[in-house]
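An overview of the molecular structure
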Amino acid sequence: MENKELICVNCPMGCRITVTLDEGRVIDIKGYTCEKGKNYAAQETVRPMRVLTSTVRINGALARVLPVITSQEIPLDMMEEAMEAVRMLTVDAPVRVNQVLIPHFLGTDADLVASRSMKKI
Ligand code: SF4
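Description of the structure in this document. In this text, all values refer to a predicted model and were calculated from it rather than measured experimentally.

A word on the overall build of the protein chain
- Each helix and strand in the protein chain was counted, giving two helices and 10 strands.
- Ordered by position in the sequence, the α and β elements of the protein chain form the string β-β-β-α-β-β-β-β-α-β-β-β.
- Computed over its C-alpha atoms, the radius of gyration of the protein chain comes to 18 Å, more than 25% above the 14 Å expected for a compact globule of 121 residues.
- Along the three orthogonal principal directions, the C-alpha set of the protein chain runs to about 60 × 30 × 20 Å.
- Here the protein chain, with 121 residues, has 18% of them falling under the buried criterion.
- When contacts within the protein chain are restricted to residue pairs at least 6 apart in sequence, those whose partners lie at least 24 apart make up 47%.

Here we look at unusual backbone geometry
- For the peptide bond that leads from A93 to P94, omega is 0°, which places it in the cis range.
- Mapping P94 onto the fold places it in the loop between β8 (90–92) and β9 (100–102).
- Its identity as a non-glycine residue notwithstanding, N98 has a phi of 70°, on the positive side.
- Topologically, N98 is positioned in the loop between β8 and β9.
- The phi dihedral of H104 is positive, around 45°, even though this residue is not glycine.
- You can see H104 is positioned in the loop between β9 and β10 (112–114).
- Given 11 C-beta atoms within a 10 Å radius, H104 is considered exposed.

Examining the sheet that holds β8
- In spatial order, the strands read β8-β5-β6-β10-β9; together these five strands make up an open sheet with mixed pairing. Looking at strand neighbours, the two that pair on one side only are β8 and β9, the edges of this open sheet. Across this sheet, the average inter-strand angle for adjacent strands is 45°, counted without regard to direction.
- The pairing of strand β6 (residues 65–70) with β10 spans three bridges and is classified as antiparallel. The partner of V68 across the bridge, within β10, is A114.

Topic: the sheet that holds strand β1 (residues 2–7)
- Read from one edge to the other, the open sheet built from three strands follows the order β1-β2-β3, with strand pairing classed as antiparallel. In the strand order of this sheet, the two ends are held by β1 and β3 (25–30), each with one partner. Sheet twist, expressed as the average angle between the axes of neighbouring strands with direction ignored, equals 25°.
- Judged from the six bridges that link them, β1 and strand β2 (residues 16–22) form a sheet pairing that is antiparallel. Bridge pairing in β2 places L6 opposite I17.

What to know about the nonpolar core
- With 14 residues, the main nonpolar core has V56, I58, L66, V68, I74 and V95 as its most contacted residues.
- Not counting chain neighbours up to four residues away, the residues in contact with V56 comprise V65, L66, V68, V86, L89, T90 and V91.
- One finds I17, Y32, Y40 and A41 within the second-largest nonpolar core, a separate group that totals six residues.

Thresholds, definitions, all that
Residues numbered from 1 in each chain as written. Predicted model: local features only at pLDDT ≥ 70, side-chain atom pairs only at ≥ 80, totals over all residues. Helix = DSSP H or I, 4+ residues; strand = E, 2+ residues; numbered from the N terminus. Rg over C-alpha atoms; globule rule 2.2 N^0.38 Å. Buried ≥ 20, exposed ≤ 12 C-beta atoms within 10 Å, placed from the backbone. Contact = placed C-beta atoms within 7 Å. Pairing = 2+ DSSP bridges. Axes fitted to C-alpha atoms, helices over the stretch in contact; angles between N-to-C directions. Core = buried A, V, L, I, M, F, W, Y, C linked by C-beta atoms within 7 Å.

This is the structure in structure tokens:
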């Protein structure tokens, strides 16, 4: 068995949570104050997730790049593949904020969306 300690980052309380693993399986979680923290600790220990923020090239706008974000967290271990997919993407103006650029990004439940609007020039 193995204990992993982490600090929950979901609210300013910053609870110290201990997750006990047995052969990679979560068998106990202590120190959380709410279910959100408990779920976060389990996920963070087994397969951490993060929101991706980056930029992609855009044609026909004043700026050369468009800020993008995933609509929800994706597995941290997919970030390299995700950044490669973002580097390969070019979009055309106009684009509106929250417009889906790639649905089910890399087969996840997250979409890659524009995080601001850009007009066509
Ligand atoms: S466990 Fe709950 S109360 Fe504690 S830091 Fe996380 S979200 Fe906040």
